[in-house]
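Secondary and tertiary structure notes
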Amino acid sequence: MDFVNAIILLLNYIFVPALAYGSQLALGAIFVTLIYGILRFANFATGDMMSFGTMFTILFTWYFQSLGISLGVFPTALLAIPFAVIFMIGYMLLIDKFVFKYYRVNKSPPVQLAMVSIGVMFVTQAVVRIIIGPSDRRFFDGEKFIIKAGEFKEMTGLNEGLAIKSTQVLTIIVTLILVSTLFWFLNKTKTGKSMRAYSDNEDLALLSGIDPKKIVMITWVIAGILATIGGALYGLDKSFKPFTYFNNMLPIFAAAIVGGIGNPFGAFLGGYVIAFSEILLTYAYRKFFMYILPESMEPGGLVQLLSTDYKFAVSFSILVIVLLYRPSGIFKGKVL
Amino acid sequence: MRKNLNVIAAYSIMMGLIILVGIFQSWNIALSIFNLCLISAVMTMGANIQWGYAGLINFGIMGYTALGGLAAVLISVNPVQEAWSAGGSNILFSLFLIIGMVLAVRYVLNKYEKSKKRTYIIATIIILGIIIIRFVSEPGIEAIEEIEPAKTGFLGGLGLPIIFSWIVGALFAGGLAFVIGKVALGLRADYLAIATLLISEIVIAIIKHEDWLTRGVKNVIGLKRPAPYEVNLQQTDWFINLVEKFNSSKLNLITDFAERQAALNQFVIEGSSVFVKLCYSGLFLVVVIILLILTQKALYSPWGRMMRAIRDNEEAANAMGKNVVKQHLLIFVLGSAIVGIAGAMLVTQDGLFTPGSYRPMRYTFLIWVMVIVGGSGNNFGAILGGFAVWFLWIEAAPIGLYLVNLTTAGLDDTHALKVHLIESVPYFRFLMMGIGLLLIMRYRPKGILPEKIEIK
């Protein structure tokens, strides 16, 4: 029985939260990786673009709520996301037309494009803060838990409860659907294949008659979808605050690079690698050992490898180690 | 002379703007803007050396700034004797262990050929080392943090004049840069950017959470000053006389003695804070001028020529027998050390160290905007960028407010949109910075004062 308790404990505090957090990171990381693979620059505006999409989701959620529209047990935000995506894509295409296109046509070095993306970061951040303000906002409604800790305890008679939030399940399901559609698109459709070809070798792709304008446009469309949904899911699960989104850019970059930048599948897994290692290394295992070890061997301290203050530092350290020993990432990067 | 006309014009406009602030707002505000402009100028010079001279991208400026600030704390705060006796020995022993660990790793690296076995041995040494160090240091750290946590709770510093920290800050930042440069400089430009950004976040995390060393988010306040205190000045005779002399024309208009005395007091209070700020301005100006002379000399020296050659064509420079790796490391360390000086200056001026205030927007990206807007590769341009961008950053709120009032003039004062816009005036600075950066990058990619290399 103690053993089962220990497993439930780990599921409750490590596995489920890490899976949800990892999915959110994964969506962001695929966004980074797509931009890097096809437009060939590190987009420092990632976090703020995600917060921009989330902002629209929130605005639409408020609008629907004021109209009295709701989805019952599901959050209203699900209904708002498609509308937000449209606005987000519009914004991204606008930015591309007025900002990035010039440098792409002139074949500027990637560093310059990265600098330009910093300018976009400043502007996007300002727009988000001016429209919705810098404060913390929760926009979740509907049924909060699928399984409550107390109910689970009663049901199974165990000491440990397992609480699963509906946002966590939602995040995981939506991520799986979105990512599998994306991979199907990239691998099976003609447009997806031409995107991969363009990413692999631009000149050859152009020679074989692939239209670069179309590729770039589709990339921004996909990026808009990923950014909005990823941001909205994070906001539903935790809360929306522009500054947090800016900070999330860093683990997202870490995930993309750890997985091999330019490789969407690597980015997808990289998200989970980062999320799991952050949570595994900063969790206090005291209770876990109390269950599985006999009483005489119980540990005195918290049995925590690193204090939770260093949560971000964990992902950055992993990234630095990967960059130094395997710069192309766990899965060979730079092929889409 | 004519060649430098645009430099002179740009700087005159900048100084004119600051003087206008002094006349229309107050001299206090003008001087605090000026002081922070000088500090920003030091930072931009550091970033400019790396980016403009050598083409190295460093997004870790925040980390070096914070280390400079830490140096100010460690140099100037009086040592906390109880903390040293409670946990000092453990900390010192851990320090020796860390040094031992590094030496052991180096020994293994030198002694054995590169192989899987060597990697495993190094990993084992590091993991074992970390565990042992944690066991040794934990009781010490706990003991130190327990001593009067509301007032100290850390080891304190050396109790030296804070001005020494400007040099020590440079050493700290340079040391960190050496370590980072050793491991990360081989990376491609955009990877280097991301890696340095993340490493600077790690540095901030450590400073924030190692309370025994830095007091963490509890902040260190009331640091010593290199300048006199306002309260003391207000009671010094020569200062009161000086203020009286300066304002004699205004004071002579007042005939009533009591009123005259009250007015004088007011002038003295205002004057004292202006005087203190002027002292800082003087100190900072000396640093900026020394650094400017040194960097200008370096730029036109054979070494500067070599750096530009490396920047413009690494392979060719390498083929000419220049040691690219070594020079990159050198310039990375030098630039970071300059940023470290700026970090120490910043904490010196504020008189407090708040690890929570180090954010990448303010201390990394803003500095980059300064370098790019001002003109990378040109020291005068970088300094001008520091001045112009910082000036805009501060004055963006009043300008934004003015613009909002202008555009919404037709609306009622209680109109929801107007109220909302006025509330969000502080964020207009981000908008201005972003648009400014984008416009400069598009239409004047070399900055306001572009790099100009004359062959003498």
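For clarity, every value in this text was computed on a predicted model and none was experimentally measured.

Counting secondary structure elements, chain B contains 19 helices and zero strands. Across its three principal axes, chain B shows a C-alpha extent of roughly 90 × 60 × 55 Å.

Per the secondary structure count, chain A includes 13 helices and two strands. For 336 residues, the compact-globule formula gives about 20 Å, and the C-alpha radius of gyration of chain A, at 21 Å, lands near that figure. In terms of its C-alpha atoms, chain A occupies a principal-axis envelope of roughly 70 × 55 × 35 Å. Out of the 336 residues in chain A, the part that is buried amounts to 46%. Taking the intrachain contacts of chain A between residues at least 6 apart in sequence as the baseline, contacts between residues at least 24 apart amount to 76%.

Turning our eyes to something else, we now look at the packing of helix α2 (residues 46-67) of chain A against helix α9 (residues 212-237) of chain A. Residue and element names in this part refer to chain A. Two numbers describe how α2 lies on α9: the axes approach to 7 Å, and their chain directions differ by 70°. Between α2 and α9, the interaxial angle falls into the category roughly perpendicular. Along its contact with α2, which presents Met-49, Met-50, Ser-51, Gly-53, Thr-54 and Thr-57, the element α9 presents Ala-227, Thr-228, Gly-230, Gly-231, Ala-232 and Gly-235. When the residues that make up the contact of α2 with α9 are grouped by side-chain class, the tally is four nonpolar, eight polar and no charged.

Take the interface of chain B and chain A next. Counting residues at the interface gives 31 residues for chain B and 34 residues for chain A. Going through the elements one at a time, α7 (189-209), α16 (360-374) and α19 (428-443) of chain B are the ones with two or more residues in the side of chain B that touches chain A. The dominant element in the side of chain B that touches chain A, judged by the number of residues it contributes, is α7(B), at 13 residues. Residue composition of the side of chain B that touches chain A, by class: 24 nonpolar, three polar and four charged.

Before going further, it helps to examine the nonpolar core. One finds A:Ala254 and B:Val42 to be the most contacted residues of the largest nonpolar core, which totals 212 residues. Residues in contact with B:Val42, not counting those within four places in the same chain, are B:Val287, B:Val288, B:Leu291, B:Ile338, B:Ile341, B:Ala342 and B:Met345. Counting residues in each nonpolar core, the second largest holds eight residues, with B:Val80, B:Ala83, B:Ile144 and B:Ile147 among its members.

Once that is clear, we can look at the environment of A:Ser166. Residues and elements named next belong to chain A. Within the secondary structure, Ser-166 sits in helix α6 (residues 166-188). The spacing of Ser-166 and Ser-208 is 42 residues in sequence and 47 Å in space, taken between C-alpha atoms. The residues touching Ser-166, leaving out its near neighbours within four places in the chain, are Gly-142, Glu-143, Lys-144, Phe-145 and Ile-146.

Do not read the fine detail of predicted coordinates wherever pLDDT is low. Here chain B averages 88 in pLDDT, while 98% of its residues score no lower than 70. Across the interface, the model reports ipTM at 0.89; the global pTM reads 0.90.

With that settled, consider the environment of B:Asp211. Within the element layout of this structure, B:Asp211 appears in helix α8 (residues 211-214). The class for B:Asp211 is partly exposed, based on 16 C-beta atoms found within 10 Å.

Looking now at the domain arrangement of chain B. Residue and element names in this part refer to chain B. Parsing chain B into structural domains produces domain 1 (5-79 + 156-443) and domain 2 (80-155). Just the C-alpha atoms count here: the centres of domain 1 and domain 2 sit 34 Å apart. Taken together, the contacts link seven residues of domain 1 with 11 residues of domain 2. Residue composition of the side of domain 1 that touches domain 2, by class: three nonpolar, two polar and two charged.

Contact geometry of helix α4 (residues 110-132) of chain A with α7(B) gives a least axis separation of 9 Å together with a crossing angle of 40°. Relative to α7(B), the element α4(A) is oriented oblique. Where α4(A) abuts α7(B), its residues A:Pro110, A:Val111 and A:Ala114 lie against B:Ala189, B:Asp190 and B:Ala193.

So, about unusual backbone geometry. Within the chain, A:Arg40 stands out as a residue other than glycine whose phi angle is a positive 65°. Position of A:Arg40 among the secondary structure elements: in the loop between α1 (2-39) and α2. Positive phi, close to 65°, is recorded for B:Asn219, a residue that is not glycine. By the element assignment, B:Asn219 lies in the loop between α8 and α9 (230-233).

What counts and how
- Each residue is numbered by its place in its chain's sequence as written, counting from 1.
- The lettering of chains begins at A and the numbering of ligands begins at 1, in the order of writing.
- Where local features are concerned, this predicted model is filtered to residues with pLDDT of at least 70; where side-chain atom pairs are given and counted, the filter is 80 or more; whole-chain, interface and lining totals use all residues.
- Elements are defined by DSSP. Helices are runs of H or I of four residues or more, strands are runs of E of two residues or more, and each kind is numbered from the N terminus.
- The reference for a compact globule is 2.2 Å times residues^0.38; the radius of gyration itself is calculated from the C-alpha atoms.
- With C-beta atoms placed from the backbone, the exposure class of a residue follows from how many other C-beta atoms lie within 10 Å of its own: 20 or more, buried; 12 or fewer, exposed; in between, partly exposed.
- For the purpose of contact definition, each residue receives a C-beta atom placed from its backbone, and two residues are in contact when these atoms lie within 7 Å.
- Axis definition: a line fit to C-alpha positions, over the contact stretch in the case of helices; interaxial angles, taken between N-to-C directions, run 0 to 180 degrees.
- What sets the label is the angle itself: under 35 degrees gives roughly parallel, over 145 gives roughly antiparallel, 65 to 115 gives roughly perpendicular, and the rest give oblique.
- Note on residue classes: Ala, Val, Leu, Ile, Met, Phe, Trp, Tyr, Cys and Pro are nonpolar, Asp, Glu, Lys and Arg are charged, and everything else, Gly too, is polar.
- As used throughout, a nonpolar core is a set of buried Ala, Val, Leu, Ile, Met, Phe, Trp, Tyr and Cys residues joined through C-beta atoms within 7 Å of each other.
- Scored from 0 to 100, pLDDT reflects the predictor's confidence in each residue.
- Domain delimitation follows an automatic or database domain assignment.

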